[in-house]
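Read off the chains here:
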Amino acid sequence: MFSFLFVFCSVKRKKKSRNERLVWERFPLSEEIESFQGKLDFAYGDLKELVDTLFRAREVVNTCMEGVSWFQKPILTREIQRIVNDMLKFSRTELPWTMVVYDLLGFDYPLMELKKKLRDDSVGCLVVCAPPALLLHNGFKDLTFTNDSQAANCLRKLLEELKGNGESLLKTFQINLQDYKILVTSQFEFPSFGPTYHLKPLEHQDAKNLLIQLASPLPHHTNPYEFKDLLQKTLKRCNGLPLVIEVVGVSLKGRGLHLWKDQVESWSEGKTILERPQPSFNALEPHLKECFMDMGSFLEDQKIRASVIIDLWVELYGTSSSSIVYMKYLNDLASQNLLKLIPLGRSEQEDGFYNGHLVTQHDVLRELAIHQSRLESVLETKRLKLEIIKNKFPELYSNLRQPINARLLSIATDNLFSSSWIEMDCPNVEALILNLSSSDYALPSFIAGMKKLKVLTIANHGVSLAKITNFSCLSSLPNLKRIRFEKASVTLLDLPQLRLGSLEKISFVMCSFGEVFYDRVDVDISKALPSLQEIEIDYCYDLDEVLYWISQVVSLKKLSVTNCYKLSRLPNDIDNLSKLEVLRLLELREPISNSILSD
């Protein structure tokens, strides 16, 4: 930028060809700045004054190129001096801030947006919230550590102190003074203090630039395609988190290609970058630690309905029968940036219906949850996660002859799995998550031995619907309360015939029921499903009529049918449900006809 000062002062001494080169090579910068500012909010742009000055300078240069008469010289001299003074003023006042803004990769737009919000007269207090990035807290001494363990302990104590006293401390500063604003940066939200501005992870290109900058010099004399593949895998693991990128980039700085390979391979073996988020986990309250570790039971990059997690926690922890409590747990973890809640645009948030939110989690945080669970031995761990490739079970479990103590068991299989199960003894499992990808899937027979099982989630992540078989293994489970099917082909008569006496809730999401037969079977539904209180049906496209036996579930209190576009009528005798408290019929293209709707 300072090169412009020389151009302005010496323009009269340059030849026309030199002037032309200066105009066309130098001044396009002003157009680039103007274009960039237009994407933000040019009226609030920090560079508007600079752009105006550059345009004035261009006019002077153009005038000089065309020839200057004797009476124009003093006018142009004064204008050049004003331009020089304006540039000096900018360099002394705005330039330091601007350089900070544009030297931080990926934070140019967020910082300009933040400054815009601070200029808003209606905002007196603003909280900037982002994933854990705590290195030093204002008011505390600059800490030095002799080892990683000591650093983790000190940061944990600091986070615990801030978590407990942060809100009350902020309230002491919540005063209204003219030209006085408070900006708080924290991994926690403080809604009672002021609005929150969330910093998002870096975009792919910014993350790539930052990683390359930190890891340079990059490996030489390597296959460019191989290095590009390693770079992409590394970026995927970093998930746009600047501190994770910093850890990885510094560790790979100037290293050879073989060390890049070793780093990527170590992730596939379960090794993770846990130094940064570990203190945040340590600062959690005990019940939130348990909930956070449960998140490691879901698939990588999985978008999970909030209701799936809440059903899990209701049965595992049972401190309250109200799902509102467990939705609060999700919000608590989200407010500390340990997971992310994504609203789907639905406004309803009544107790028991939380399909309006998706839950996601960065891979680094998910791996932290898995790592914490693995600190316990296989036989004693509360959570066990199995991944089966083709039909090959992990060797440790193939030869296991002792019972597994886990309360939460998660099993993931790929599209080549042929349901060739080994025998497993899991007498203490209370929640079972089956993630599958094949079109035919037989439930494992060892489920029959899970006498404490309360929650069963069967989620298909394959391309086509999965036909589920071997339901008979569920018939001997005295405590099974919740079953959830996702993207499955289910026969309507299977469940009533199982006679699940404790079943309280069943969910069908993106399921197909095939041809519906309305011939009554010799099953007394009120006795086969005596405890069923809630049925949830969502995105079941081929459903044109609600399951006929639902009208015989006299214990039913909640019936939710949403996004079933072919549904046109309810069973004629649905008004037999005298205990029904909630009937939700949303996003149905066909009009529903039934007398109960007019009651």
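The structure displayed is predicted, hence computed values, not measured ones. (Residues numbered from 1 in each chain as written. Predicted model: local features only at pLDDT ≥ 70, side-chain atom pairs only at ≥ 80, totals over all residues. Heavy atoms only, no water.)

Draft legend 1. Layout of the overall build of the protein chain. Scanning the protein chain from terminus to terminus reveals 19 helices and 18 strands. Residues classed as buried in the protein chain amount to 46% of the 599 residues present. Surface exposure of the protein chain reaches about 30700 Å², of which carbon and sulfur atoms provide 52%. (Helix = DSSP H or I, 4+ residues; strand = E, 2+ residues; numbered from the N terminus. Buried < 20%, exposed > 50% of the residue type's maximum accessible area, 1.4 Å probe, protein only. Areas by Shrake-Rupley, 256 points an atom, 1.4 Å probe, with all protein chains shown as cover.)

Draft legend 2. How the structure looks around helix H15 (residues 323-335). Look at H15: 18 Å from first C-alpha to last across 13 residues, which is about the 18 Å you get at 1.5 Å a residue. Of the residues making up H15, those classed as buried are Ser323, Tyr326, Met327, Tyr329, Leu330, Asp332, Leu333, Ala334 and Ser335. For H15, the elements touching its buried residues are strand E1 (125-129), helix H13 (286-294), helix H14 (306-317), strand E5 (340-343) and strand E6 (357-360). Positive backbone phi, at 60°, marks Asn337, one or two positions downstream of H15. (Expected span 1.5 Å × (residues − 1). Contact = heavy atoms within 4.5 Å.)

Draft legend 3. Representation of the packing of helix H8 (residues 204-215) against helix H10 (residues 242-251) within the structure. Viewed as axis vectors pointing N to C, H8 and H10 meet at an angle of 35°, and their least axial separation amounts to 8 Å. Here H8 and H10 pass one another in a crossing that is right-handed. Here Ala207, Leu210, Leu211, Leu214 and Ala215 of H8 lie close against H10, whose contacting residues are Pro242, Ile245, Glu246, Val248, Gly249 and Val250. (Axes fitted to C-alpha atoms, helices over the stretch in contact; angles between N-to-C directions. Left-handed = near helix turned anticlockwise from the far one by under 90°.)

Draft legend 4. Looking closely at the pattern of salt bridges. The final tally for this structure, using the stated rule, is 23 salt bridges. With its nearest N and O atoms 3.5 Å apart, the salt bridge here joins Lys382 to Glu290. With Lys382 in the loop between helix H16 (363-373) and strand E7 (383-388) and Glu290 in helix H13, the pair connects residues that are 92 residues apart, well separated along the chain. The class for Lys382 is partly exposed, based on a relative accessible area of 35%. A salt bridge links Arg482 to Asp311, with the nearest nitrogen and oxygen atoms 2.7 Å apart. Of the two residues, Arg482 is situated in strand E13 (residues 482-486) and Asp311 in helix H14; the sequence distance between them amounts to 171 residues. (Salt bridge = Lys/Arg side-chain N within 4 Å of Asp/Glu carboxyl O.)

Draft legend 5. Structural detail: the packing of H14 against H15. Look at H14 against H15: their axes get within 9 Å of each other, and the N-to-C directions meet at 115°. Our pair here, H14 against H15, has a crossing hand that is right-handed. Taken together, the residues of H15 that come into contact with H14 (itself represented by Ala306, Ile309, Ile310, Trp313, Val314 and Tyr317) are Ser323, Tyr326, Met327, Tyr329, Leu330 and Leu333. Residues that form the contact of H14 with H15 fall into these classes: 11 nonpolar, 1 polar and no charged. (Nonpolar A, V, L, I, M, F, W, Y, C, P; charged D, E, K, R; others polar.)

Draft legend 6. Just H8, in detail. Over its 12 residues, H8 runs 16 Å from end to end, which matches the ideal 16 Å to within 8%, given 1.5 Å per residue. Taken as a whole, H8 has its buried residues at Ala207, Leu210, Leu211 and Ala215. Seen end-on, H8 carries its buried residues on one side only, within an arc spanning 120°. Against helix H9 (224-238), H10 and helix H11 (257-268) lie the buried residues of H8. (Arc of directions from axis to C-beta.)

Draft legend 7. Quick look at the side chain of Arg584. With respect to the element layout, Arg584 can be found in strand E18 (residues 582-586). With relative accessibility at 10%, the residue Arg584 sits in the buried group. Only 2.7 Å separates the side chain of Arg584 from the side chain of Ser560, close enough to count as a polar contact. (Polar contact = N/O pair within 3.5 Å; in protein donor to acceptor, adjacent residues only side chain to side chain.)

Draft legend 8. Main features of the sheet that holds strand E14 (residues 488-489). In space, the 3 strands of this open sheet follow the order E10-E12-E14, with parallel pairing throughout. Across the chains shown, the open sheet's two edge strands, defined by having one partner strand only, are strand E10 (440-442) and E14. Here 3 bridges tie E10 to strand E12 (residues 466-469), and the two strands are oriented parallel to one another. By the bridge assignment, Tyr441 is partnered in E12 with Ile468. (Pairing = 2+ DSSP bridges.)

Draft legend 9. Representation of the environment of His198. Along the chain, His198 turns up in strand E3 (residues 196-198). Note on His198: relative accessible area 40%, which makes it partly exposed. Taking C-alpha positions, His198 is 6.0 Å from Val128, a pair spaced 70 residues apart along the chain.

Draft legend 10. Structural context of the sheet that holds E5. Across the sheet, 3 strands lie side by side as E4-E6-E5; this open sheet has antiparallel pairing. Taken across any chain shown, the strands that pair with only one partner, and hence form the sheet edges, are strand E4 (304-305) and E5. Bridge count between E4 and E6: 2 bridges; the pairing is antiparallel. Within the sheet, the bridge partner assigned to Ile304 lies in E6 and is Val359. Where H15 meets the sheet, its contacts fall on E5 and E6, and the angle it forms with E5 comes to roughly 115°.

Draft legend 11. Up close: the environment of Lys385. Position of Lys385 relative to the elements: it lies in strand E7. Under the relative-accessibility criterion, Lys385 is labelled partly exposed at 22%. Sequence separation of Lys385 and Ala406 is 21 residues, and the distance between their C-alpha atoms is 9.7 Å. Ignoring sequence-local partners within four residues, the contact set of Lys385 consists of Gly296, Ser297, Phe298, Arg366, Ile370 and Ser410. Within the local environment of Lys385, its side chain forms a polar contact with the side chain of Glu387, the two groups lying 2.7 Å apart.

Draft legend 12. Highlighting the packing of aromatic side chains. Inspection of every chain in the model, using the stated rule, returns 14 aromatic pairs. Taking the centre distance of 5.0 Å and the plane angle of 70° together, the rings of Phe227 and Trp260 count as edge-to-face. Within this pair, whereas Phe227 is found in helix H9, its partner Trp260 is found in helix H11, the two being separated by 33 residues in sequence. Classification of Phe227 as buried rests on a relative accessible area of 13%. Their ring planes at 85° and their centres at 5.4 Å tell us that Tyr326 and Tyr329 sit as a pair that is edge-to-face. With a gap of 3 residues between them, Tyr326 and Tyr329 both fall in helix H15, about one helical turn apart. The same class applies to Tyr326 and to Tyr329, which are both buried. Following the ring pairs from residue to residue traces out a cluster consisting of Phe393, Phe417, Trp421, Tyr441 and Phe446. The cationic tip of Lys289 hangs over the ring face of Phe281; the distance from NZ or CZ to the ring centre is 5.6 Å. (Phe/Tyr/Trp six-rings, centres within 6.5 Å; stacked < 30°, edge-to-face > 60°. Lys NZ or Arg CZ within 6 Å of the ring centre and 35° of its normal.)

Draft legend 13. Region of the structure containing the confidence of the model for the protein chain. This prediction gives the protein chain a mean pLDDT of 76; 74% of its residues lie at or above 70. Counting interchain partners and residues more than four positions distant, the pLDDT-below-50 stretch residues 32-45 has 21 contacts. Note that residues 134-142 has pLDDT below 50 and, in this model, 11 contacts with residues that lie over four places away or in other chains. (pLDDT = per-residue confidence, 0-100.)

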